[in-house]
There are 2 protein chains.
Amino acid sequence: MDTLERVDAYWRAANYLAVGQIYLLGNPLLAEPLTPEHIKPRLLGHWGTTPGLNFCFAHLNRVIGERGQDMIYIAGPGHGGPAAVAHSWLEGSYSEVYPEVSQDEAGMRRLFRRFSFPGGIPSHVAPETPGSIHEGGELGYSLAHAYGAAFDNPDLVVACVVGDGEAETGPLAASWHSNKFLDPRRDGVVLPILHLNGYKIANPAVLARIPSEDLIKLMEGYGYRPHLVEGDDPAVMHPLMAQTLDTVFGEIDAYKHGQTDRLPMIVLRTPKGWTGPKEVDGLPVEGTWRSHQVPLATVRENPAHLAMLEQWMRSYRPDELFDADGRPVQEILQTVPAGDLRMSASPHANGGTLLRPLALPDFREHAVEVGAPGTATTEPTRVLGRFLRDVVAANPHNFRVMGPDETDSNRLSALFEVTARAWHARILPTDQHLAAGGRVMEVLSEHLCQGWLEGYLLTGRHGLFNCYEAFIHIVDAMFNQHAKWLDTAREIAWRRPVASLNYLLSSHVWRQDHNGFSHQDPGFLDVVVNKKASVVRVYLPPDANTLLSVADHCLRSRDYVNVIVAGKQPVIDLFPIDQAVVHCTRGLGIIDWASNDQGAEPDVVMACAGDVPTLETLAAVDLLREHLPALKVRVVNVVDLMRLQPSTEHPHGMSDAEFDALFTTDKPVIFNFHGYPWLIHRLTYRRHGHHNIHVRGYKEEGTTTTPFDMAMLNDIDRYHLVMDVIDRVPGLAVTTAHLRQQMTDARLRARAHTRDHGEDMPDIRDWTWTR
Amino acid sequence: MDTLERVDAYWRAANYLAVGQIYLLGNPLLAEPLTPEHIKPRLLGHWGTTPGLNFCFAHLNRVIGERGQDMIYIAGPGHGGPAAVAHSWLEGSYSEVYPEVSQDEAGMRRLFRRFSFPGGIPSHVAPETPGSIHEGGELGYSLAHAYGAAFDNPDLVVACVVGDGEAETGPLAASWHSNKFLDPRRDGVVLPILHLNGYKIANPAVLARIPSEDLIKLMEGYGYRPHLVEGDDPAVMHPLMAQTLDTVFGEIDAYKHGQTDRLPMIVLRTPKGWTGPKEVDGLPVEGTWRSHQVPLATVRENPAHLAMLEQWMRSYRPDELFDADGRPVQEILQTVPAGDLRMSASPHANGGTLLRPLALPDFREHAVEVGAPGTATTEPTRVLGRFLRDVVAANPHNFRVMGPDETDSNRLSALFEVTARAWHARILPTDQHLAAGGRVMEVLSEHLCQGWLEGYLLTGRHGLFNCYEAFIHIVDAMFNQHAKWLDTAREIAWRRPVASLNYLLSSHVWRQDHNGFSHQDPGFLDVVVNKKASVVRVYLPPDANTLLSVADHCLRSRDYVNVIVAGKQPVIDLFPIDQAVVHCTRGLGIIDWASNDQGAEPDVVMACAGDVPTLETLAAVDLLREHLPALKVRVVNVVDLMRLQPSTEHPHGMSDAEFDALFTTDKPVIFNFHGYPWLIHRLTYRRHGHHNIHVRGYKEEGTTTTPFDMAMLNDIDRYHLVMDVIDRVPGLAVTTAHLRQQMTDARLRARAHTRDHGEDMPDIRDWTWTR
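Looking at an unreviewed UniProt entry, chain A carries the name Probable phosphoketolase, with the source organism given as Sphaerisporangium aureirubrum. Under the UniProt heading Cofactor (unreviewed entry), the note attached to chain A is "thiamine diphosphate". Regarding chain A, the relevant UniProt record gives this comment under Sequence similarities (unreviewed entry): "Belongs to the XFP family."

Peer 1: Help me understand the overall build of chain A in this model?
Peer 2: Along chain A, the regular secondary structure elements total 26 helices and 22 strands. Its C-alpha radius of gyration of 30 Å places chain A within 12% of the 28 Å reference for a compact globule of 771 residues. Oriented by its inertia axes, the alpha-carbon framework of chain A measures out at about 95 × 65 × 40 Å. Sorting the 771 residues of chain A into buried and exposed places 72% on the buried side. Counted over contacts in chain A with a minimum sequence separation of 6, partners at least 24 positions apart contribute 78%.

Peer 1: Is there a simple way to explain the sheet that holds strand S5 (residues 263–269) of chain B in this structure?
Peer 2: Backbone hydrogen bonds are what pair the strands of a sheet, in a parallel or an antiparallel way. All names here are of chain B. Read from one edge to the other, the open sheet built from five strands follows the order S1-S2-S3-S5-S4, with strand pairing classed as parallel. Every other strand in the sheet has two partners, leaving strand S1 (70–75) and strand S4 (224–230) as the edge strands with one partner each. Mean inter-strand twist for the sheet, computed between neighbouring axes without regard to direction, equals 20°. Bridging between S4 and S5 involves seven bridges; their strand directions are parallel. The residue of S5 that forms the bridge with His227 is Ile266. Those strands touched by helix H6 (residues 142–150) are S1, strand S2 (156–163), strand S3 (189–196) and S4, and its axis lies near 175° from that of S2. Lying over the sheet, helix H9 (residues 212–221) contacts S3, S4 and S5, oriented at roughly 145° with respect to S4.

Peer 1: Help me understand the interface of chain A and chain B, please; the structure alone is not making it clear to me.
Peer 2: By a widely used convention, the size of an interface equals the accessible area lost when the partners come together. Contacts between the two partners involve 121 residues from chain A and, on the opposite side, 122 residues from chain B. Here chain A packs against chain B, burying approximately 9,400 Å² in sum over the two surfaces, 56% of which is carbon and sulfur. Counting across the chain A and chain B interface gives 14 salt bridges. Here Lys531 of chain A and Asp521 of chain B are joined by a salt bridge, their closest N and O atoms 2.7 Å apart. Taken together, chain A and chain B are joined by 50 residue pairs in polar contact (both at pLDDT 80 or more). Only helix H7 (170–175), helix H8 (206–209), helix H9 (212–221), helix H16 (476–490), helix H17 (524–528), helix H22 (678–684) and helix H26 (737–757) of chain A provide two or more residues apiece to the side of chain A that touches chain B. Looking at side-chain class alone, the side of chain A that touches chain B contains 44 nonpolar, 41 polar and 36 charged residues.

Peer 1: When you look at the confidence of the model for chain A in this model, what are you seeing that I'm missing?
Peer 2: In low-pLDDT segments, the atomic positions of the prediction should not be examined closely. Here chain A averages 94 in pLDDT, and 98% of its residues register 70 or above. Both scores are available for the predicted complex, with the pTM at 0.97 and the ipTM at 0.97.

Peer 1: Honestly, the sheet that holds strand S19 (residues 604–609) of chain B in this entry has me stumped. Any pointers?
Peer 2: Residue and element names in this part refer to chain B. Strand order in this open sheet of five strands is S18-S20-S19-S21-S22, and the pairing throughout is mixed. Where the open sheet ends on each side, the last strands, each with one partner, are strand S18 (588–590) and strand S22 (693–696). Geometrically, the sheet is characterised by an average inter-axis angle of 20° between neighbouring strands, direction not taken into account. Pairing analysis gives three bridges linking S18 to strand S20 (residues 633–638), with the strands arranged antiparallel. For Gly589, the partnering residue across the bridge sits in S20 and is Asn637.

Peer 1: Can you help me understand the packing of aromatic side chains in this one?
Peer 2: Each aromatic ring pair is described using two quantities: the centre-to-centre distance and the angle formed by the ring planes. By the definition in use, this model includes 55 aromatic pairs over all chains. Ring centres of Tyr676 of chain A and Trp678 of chain A lie 5.9 Å apart, and the angle between their planes is 10°; on these two criteria the pair is classed as stacked. When sorted by exposure, Tyr676 of chain A lands in the same class as Trp678 of chain A, which is buried. Geometrically, the ring pair formed by Trp510 of chain B and Tyr698 of chain B is edge-to-face, given 5.8 Å between the ring centres and 85° between the ring planes.

Peer 1: Sorry, what's going on with the relation of the copies chain A and chain B here?
Peer 2: The relation between the two copies of this chain is a rotation about an axis and a shift parallel to it. Taken as rigid bodies, chain A and chain B are interconverted by a rotation of 180° and an axial shift of 0.0 Å, the fit giving an RMSD of 0.0 Å. The superposition operator between the copies reduces to a two-fold rotation axis. Judged by C-alpha distance, Gly170 of chain A is the residue of chain A that lies nearest the rotation axis, at 1.9 Å.

Peer 1: I keep staring at the environment of Gly451 of chain A and nothing clicks. Help me out?
Peer 2: Residue and element names in this part refer to chain A. Mapped onto the fold, Gly451 is located in helix H15 (residues 446–458). Sequence-wise, Gly451 and Pro277 are 174 residues apart; in three dimensions their C-alpha atoms are separated by 37 Å. Aside from chain neighbours lying at most four places away, what touches Gly451 is Ala144, His145 and Met478.

Peer 1: Honestly, the domain arrangement of chain A in this entry has me stumped. Any pointers?
Peer 2: Residues and elements named next belong to chain A. Under the domain assignment, chain A is made up of domain 1 (3–338), domain 2 (363–571) and domain 3 (590–765). The C-alpha-based centres of domain 2 and domain 3 are spaced at 28 Å. When domain 2 packs against domain 3, the two sides together hide about 3,000 Å² of surface, and 64% of this comes from carbon and sulfur. Broken down residue by residue, the surface that domain 2 buries against domain 3 is led by Trp510, Phe517 and Leu540, which jointly contribute 26%. The tally of links from domain 2 across to domain 3 stands at zero salt bridges. Viewed at the interface, domain 3 and domain 2 are joined by 13 residue pairs in polar contact (both at pLDDT 80 or more). If you list the elements that add at least two residues to the side of domain 2 that touches domain 3, you get H17 and strand S15 (536–539). Ranked by residues supplied to the side of domain 2 that touches domain 3, first place goes to S15 with four residues. The residue makeup of the side of domain 2 that touches domain 3, split by class, is 19 nonpolar, eleven polar and six charged.

Peer 1: Explanation requested: the packing of helix H1 (residues 3–23) of chain B against helix H10 (residues 234–256) of chain B in the structure shown.
Peer 2: Geometry of a packed helix pair, given as the angle between the helix axes and the separation of the axes. All names here are of chain B. The interhelical angle for the contact between H1 and H10, taken along N-to-C directions, is 115°, at an axis separation of 10 Å. The orientation of H1 relative to H10 falls into the category roughly perpendicular. Classified by chirality, the crossing of H10 by H1 is right-handed. For the pair H1 and H10, contact is made by Leu4, Val7, Asp8 and Trp11 and by Pro234, His238, Pro239 and Ala242, respectively. In terms of residue class, the contact of H1 with H10 is made up of six nonpolar, one polar and one charged.

Peer 1: When you look at the side chain of Ser178 of chain B in this model, what are you seeing that I'm missing?
Peer 2: Looking at the element boundaries, Ser178 of chain B is found in the loop between helix H7 (170–175) and S3. Excluding its chain neighbours within four sequence positions, the residues that come into contact with Ser178 of chain B are Tyr147, Leu448 and Trp452 of chain B.

Peer 1: Would you mind showing me how to read the environment of Val383 of chain A here?
Peer 2: All names here are of chain A. Within the element layout of this structure, Val383 appears in helix H14 (residues 380–394). Sequence separation between Val383 and Ala414 is 31 residues; the distance between their C-alpha atoms is 8.6 Å. Beyond its immediate stretch of four places on either side in the chain, Val383 contacts His366, Val368, Thr378, Ala544 and Leu548.

Peer 1: Sorry if this is basic, but what is going on with the nonpolar core here?
Peer 2: Phe663 of chain A together with Leu641 and Phe663 of chain B are the most contacted members of the largest nonpolar core, which has 374 residues in total. The residues touching Phe663 of chain A, leaving out its near neighbours within four places in the chain, are Leu588, Val605, Ala607, Arg634, Val636, Val638, Leu644, Met654 and Val669 of chain A.

Peer 1: So what exactly am I meant to see when it comes to helix H6 (residues 142–150) of chain A here?
Peer 2: For an α-helix, 3.6 residues make a turn, and residues three or four places apart therefore share a direction. Residue and element names in this part refer to chain A. Burial of H6 is extensive: nine of the nine residues sit out of reach of the surface. Every buried residue of H6 is accounted for by Ser142, Leu143, Ala144, His145, Ala146, Tyr147, Gly148, Ala149 and Ala150. Elements in contact with the buried residues of H6: strand S1 (70–75), strand S2 (156–163), H7, strand S3 (189–196), strand S4 (224–230) and H15. Two residues or fewer after H6 comes Asp152, characterised by a positive phi angle close to 60°.

Reading the values: rules and limits
- Residues numbered from 1 in each chain as written.
- Chains lettered and ligands numbered in written order.
- Predicted model: local features only at pLDDT ≥ 70, side-chain atom pairs only at ≥ 80, totals over all residues.
- Heavy atoms only, no water.
- UniProt positions renumbered as here; feature names shortened; annotations may be inferred.
- Helix = DSSP H or I, 4+ residues; strand = E, 2+ residues; numbered from the N terminus.
- Rg over C-alpha atoms; globule rule 2.2 N^0.38 Å.
- Buried < 20%, exposed > 50% of the residue type's maximum accessible area, 1.4 Å probe, protein only.
- Contact = heavy atoms within 4.5 Å.
- Pairing = 2+ DSSP bridges.
- Axes fitted to C-alpha atoms, helices over the stretch in contact; angles between N-to-C directions.
- Buried area = accessible area lost by both parts, 1.4 Å probe.
- Salt bridge = Lys/Arg side-chain N within 4 Å of Asp/Glu carboxyl O.
- Polar contact = N/O pair within 3.5 Å; in protein donor to acceptor, adjacent residues only side chain to side chain.
- Nonpolar A, V, L, I, M, F, W, Y, C, P; charged D, E, K, R; others polar.
- pLDDT = per-residue confidence, 0-100.
- Phe/Tyr/Trp six-rings, centres within 6.5 Å; stacked < 30°, edge-to-face > 60°.
- Least-squares fit on C-alpha atoms with pLDDT ≥ 70 in both.
- Domains from an automatic or database assignment.
- Parallel < 35°, antiparallel > 145°, perpendicular 65-115°, else oblique.
- Left-handed = near helix turned anticlockwise from the far one by under 90°.
- Core = buried A, V, L, I, M, F, W, Y, C linked by side-chain atoms within 4.5 Å.

Printed below as a string of structure tokens:
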């Protein structure tokens with residue numbers, strides 16, 4: 001066999017294994033004629049995209065073998081599961097991590113059976129699939145993941161097959177522009193292969209039906225050098241693909257050597273369900289949407305279909321591909337790259353194996369000096385920016401900060417003292433902080449920020465995504481998928497832990513002074529807590545020092561999604577750094593200096609989470625001190641939201657005894673919360689004192705107005721909290737009717753004042769505890 | 001003045017008004033020298049994009065005037081508020097809907113003051129802005145909205161200015177391909193104007209920095225005929241823009257007459273902050289990101305800045321633009337189109353004024369015959385498809401069904417008996433159901449489906465978006481923005497109600513037989529209920545007839561977002577159609593034939609919402625009848641989830657008395673829920689009996705397995721529900737230890753069986769109530 005004959009044999013073997021996965025329970029080598037008993041009772045799986053994926057994989061393996069090229073493979077088409085699994089089995093990596101699925105007949109049988117079978121493996125590429133960093137569930141993120149993997153991996157080529165279905169999604173359409181953020185020297189290369197097989201589920205795909213000249217222009221417009229590989233005759237397609245890949249890798253060399261700014265890409269046009277049944281029951285199948293899932297649907301019941309299946313499988317000539325024991329023949333094994341060069345065994349695709357902990361400078365060095373607590377203010381994210389600056393400086397090759405053009409707006413500007421925004425397009429003399437290889441990645445697409453970061457993390461690096469709070473909902477679905485990936489991956493022994501995905505949400509709901517209602521939405525937290533407790537963490541540091549402590553903790557963690565909500569506007573300094581660390585380590589605690597219950601049972605617990613709610617709670621407590629000095633008030637601040645849950649529900653959860661000791665079981669708790677109030681109820685509904693917890697939070701009241709007016713619109717303001725205390729503490733309502741009226745009047749005055757004058761938050765008062 | 005001089009005067013007037021909005025509290029006509037007292041205390045707003053938006057608007061008005069062209073204007077750049085407001089005021093439409101903002105000096109002062117001021121109007125285009133269907137908050141949806149507005153409006157041109165910032169987003173990048181879904185005969189035309197002013201917030205924009213030849217190819221690749229208008233000298237730019245628009249509208253005529261398939265688009269390259277300060281404090285401002293917001297930041301404090309502001313405003317020569325009373329001069333008013341042709345007064349942009357109710361055929365005609373309830377099964381969405389088919393047939397010009405290539409998969413296939421998928425690209429002989437003007441719009445982009453539908457609805461038409469349940473999270477953020485739009489618009493007297501946005505979520509969490517974990521997420525409901533009760537509705541019809549009744553109700557409703565979750569797999573028929581209507585009208589109710597409490601106090605309430613949970617609840621009740629015939633069981637099914645809330649929280653909410661009568665205040669309630677269980681707690685936590693409500697639902701346990709195994713993994717299965725009853729009904733645990741063990745054994749057997757055989761849901765049992 002010559003080289004291309006071996007590639008063809010490998011391709012046929014992979015196709016055979018894919019068909020076997022979809023159909024067979026037994027008789028994997030077709031040692032005997034197929035009977036209905038060999039067929040799975042329910043046929044589930046996707047054939048259509050598989051032969052094209054196999055074709056690419058087979059040809060890329062030749063290049064890897066010849067060039068010793070470090071490469072990984074991202075299968076964008078959602079249902080490419082049978083292909084990826086087939087390769088891993090052919091390359092031996094499947095049996096290495098799943099020894100029970102040995103590289104022989106018995107293993108092949110087990111492989112076929114587990115595919116898309118109850119308790120088995122999904123029909124798409126998944127965490128269970130060796131060599132994968134990209135799940136083929138929700139579509140649209142393959143190319144962003146590919147670029148994320150390529151950043152800071154200068155010797156890597158990420159081959160990324162983009163399906164023509166997913167190519168219609170927004171995130172994918174934007175991802176092509178990622179080439180403007182790639183540094184030829186410090187980063188690797190992405191080789192996109194747009195695979196046009198013509199159809200999505202039941203429809204033609206847009207890119208498959210536009211004129212070829214439009215498609216070529218589109219790809220050139222995106223900044224690539226497109227190469228068309230088109231046809232359905234393997235005898236023609238093999239040499240064409242091989243020549244094209246040789247050309248393409250020559251162009252990649254030229255790019256890496258600075259001889260061109262254009263990276264190549266391939267348009268591969270092959271029939272959907274290529275090499276499968278051409279016609280079934282009188283209807284065309286190969287080359288149409290009918291081959292998307294299971295081309296022959298009633299194989300168990302219909303002998304003609306059964307015969308067609310056998311004919312189809314035998315068309316790959318399995319006798320030439322596998323020996324009598326079911327092992328791939330030598331000619332096929334020869335095409336498999338060695339060790340870690342196998343794409344199904346690449347350490348890049350099991351990033352935890354490559355993960356180096358961040359060199360973390362001491363965050364305490366950036367601490368704000370806190371004298372009398374609650375008397376000065378600081379912009380927390382500005383302080384965090386200095387810490388992140390030092391993190392970047394200490395980790396120039398494996399840490400990036402992503403954001404949709406909001407790094408400055410979110411006041412992380414100190415980063416630009418040591419690095420720039422990644423930019424590989426034209427730079428003008430008036431520009432600032434733009435450079436290839438910059439550690440800050442800004443693109444006005446939350447999807448790209450998220451997708452790049454996921455790819456970067458899953459290949460063993462670290463990062464942080466800073467975003468306006470309201471617009472992080474844009475990636476709700478991507479967060480869901482990543483959390484599910486982490487949850488699944490944690491249970492897979494051979495997958496090593498990766499760095500957590502860290503969100504910093506700033507420009508939050510309470511501070512949208514001119515943006516107004518459209519920019520007010522703290523609901524991402526509700527989406528996050530729907531995911532498994534084993535993978536999600538939520539932090540609401542109330543001041544700069546607690547933000548530093550939380551950020552340090554998150555950057556050290558593994559396999560989580562950490563959500564940090566922190567303000568960029570000045571907030572009051574509450575905790576000297578040592579106390580901040582203690583407070584964050586506990587996750588919540590009593591603010592002693594603001595409480596006057598002196599360890600006894602309080603009359604009321606004033607709880608708070610989030611910077612603005614904490615300010616208002618403290619201001620309310622100050623009013624209570626002034627007007628009701630005998631009232632025993634306990635102030636509890638919550639940083640780690642997951643602490644509120646029972647310990648049976650979340651690893652961070654408190655025992656009931658701890659919870660009861662802090663919040664009491666029978667005293668009113670006025671809980672002032674950053675987000676939608678019911679989240680606190682949801683987290684605490686099993687607690688003894690739950691019926692006494694009265695939560696204030698954002699209740700979707702908003703407009704273009706001052707922050708203090710926002711607080712009042714949603715009843716989280718100091719005056720309203722005092723009224724809540726009056727209404728909730730037994731006996732107070734009667735004796736303090738005058739105070740209630742005073743608070744009502746104060747609110748009206750405050751609203752009129754803030755609306756008329758357009759001022760910021762009220763000045764920090766002359767707190768009673770500092771007098 | 002000649003025509004272009006008038007256009008220039010109009011442009012200068014609009015620019016003047018925009019600057020005034022950002023800066024001035026008083027002295028709107030500069031009748032006296034500016035003093036600090038004339039300046040707002042906080043300067044909030046966005047200048048950068050405004051002059052470009054004004055330029056387009058001014059020139060389009062000329063075309064409207066000359067051609068009598070029906071046109072609306074969509075301002076994609078987020079912060080184009082000052083521009084849109086200025087136009088509306090100049091065109092008189094602002095004063096028509098806000099008479100206090102009269103078209104004179106007093107009105108101009110009020111206009112300036114309310115802009116980006118507490119309690120005023122946002123700095124971006126919003127529902128409050130006459131002539132707008134597109135909020136400039138979250139970016140990326142302008143072009144999809146534009147196409148949505150153009151569908152079925154054959155005489156309309158939608159001018160859509162795309163900002164170079166938002167052009168980086170995924171949804172926008174995909175939206176260009178909307179031209180493949182436009183029918184030249186039945187639909188209107190979208191004229192995209194890609195406005196490259198070079199920068200987003202703090203960064204250059206990608207499309208502004210790629211080579212011009214790449215940009216042209218990109219647009220050609222997207223299928224447009226691009227026209228470049230570039231420069232910064234108004235004397236050159238005015239004739240260039242005018243000539244280009246004449247050419248472009250000639251090409252639009254050719255397209256409408258079938259002489260070309262290509263629509264034109266314009267690339268407009270002008271400096272950011274055009275005509276604003278060129279340099280401030282020694283730094284370049286015009287033409288850089290520094291002009292994004294407020295070019296002169298300290299006008300009140302810095303006399304030099306104050307002088308520059310005055311110089312800047314006087315550069316527009318206000319004396320020539322407004323008469324002594326502050327009214328626009330005659331030459332400007334002459335450029336304003338007449339009546340409804342004014343883009344700021346177009347009825348299309350206040351779609352409720354054009355809304356015609358759907359001609360709704362009688363859904364009862366599609367009802368499933370139900371004999372003994374719970375003994376036969378039907379695919380609910382297949383039945384719905386027949387009703388939708390008749391809706392399409394009866395409303396061929398104002399109703400569309402959107403979906404990401406899942407209309408067939410979601411079994412709405414009957415639609416294709418009367419219509420096709422909209423498609424204006426190449427069609428092959430093997431294709432089915434593709435045609436220009438088809439009522440079904442399928443593109444593999446949930447963003448486009450949502451964006452098109454929003455644009456379609458806001459211009460006065462009707463529609464439905466069908467989607468896999470898990471992937472509707474892709475548009476969480478768009479849903480949020482649309483719900484906020486509706487919430488705001490409801491409070492604006494001149495905005496007329498529009499048709500509700502109806503979601504049909506199918507292929508839901510419980511039926512992902514081969515797709516597995518990545519396709520399992522019922523959390524969209526949690527996102528939805530965070531929005532105002534006045535605009536959101538959630539329905540979980542348990543069978544085909546209730547789905548019909550709910551769908552009919554939703555299609556008649558106005559100004560809501562309706563979410564319907566319904567299965568496509570066979571579910572048991574429960575309600576004859578008349579009972580279904582009664583049940584849906586009530587929103588929830590006792591299933592009499594499954595209950596045996598005979599109107600007395602039950603021992604336990606078995607509540608359910610959603611098709612699979614309802615099946616399992618009924619099966620559990622069946623087991624209880626068999627094993628514990630003396631136990632008094634009440635079965636309550638919930639269709640309208642909002643009924644669970646207190647009437648004080650949601651218009652659909654029940655009074656406590658009603659709730660207590662149904663659910664009791666002291667008996668255990670075993671609530672089997674479709675989604676994440678805490679949502680039921682959240683909706684019911686204020687109810688008297690809340691501490692007795694025990695909720696089962698999806699708890700993020702999933703894998704590739706059978707539906708019944710999924711139920712078991714999440715403890716919503718019949719056996720576990722019986723165990724819950726045993727554990728919760730006082731006294732039962734002791735007397736029925738054997739039954740509990742029996743249930744445990746049955747679960748183990750059922751799991752082994754379902755995993756081994758890969759079967760569907762267990763057959764409907766020989767229900768006790770039918771014996």
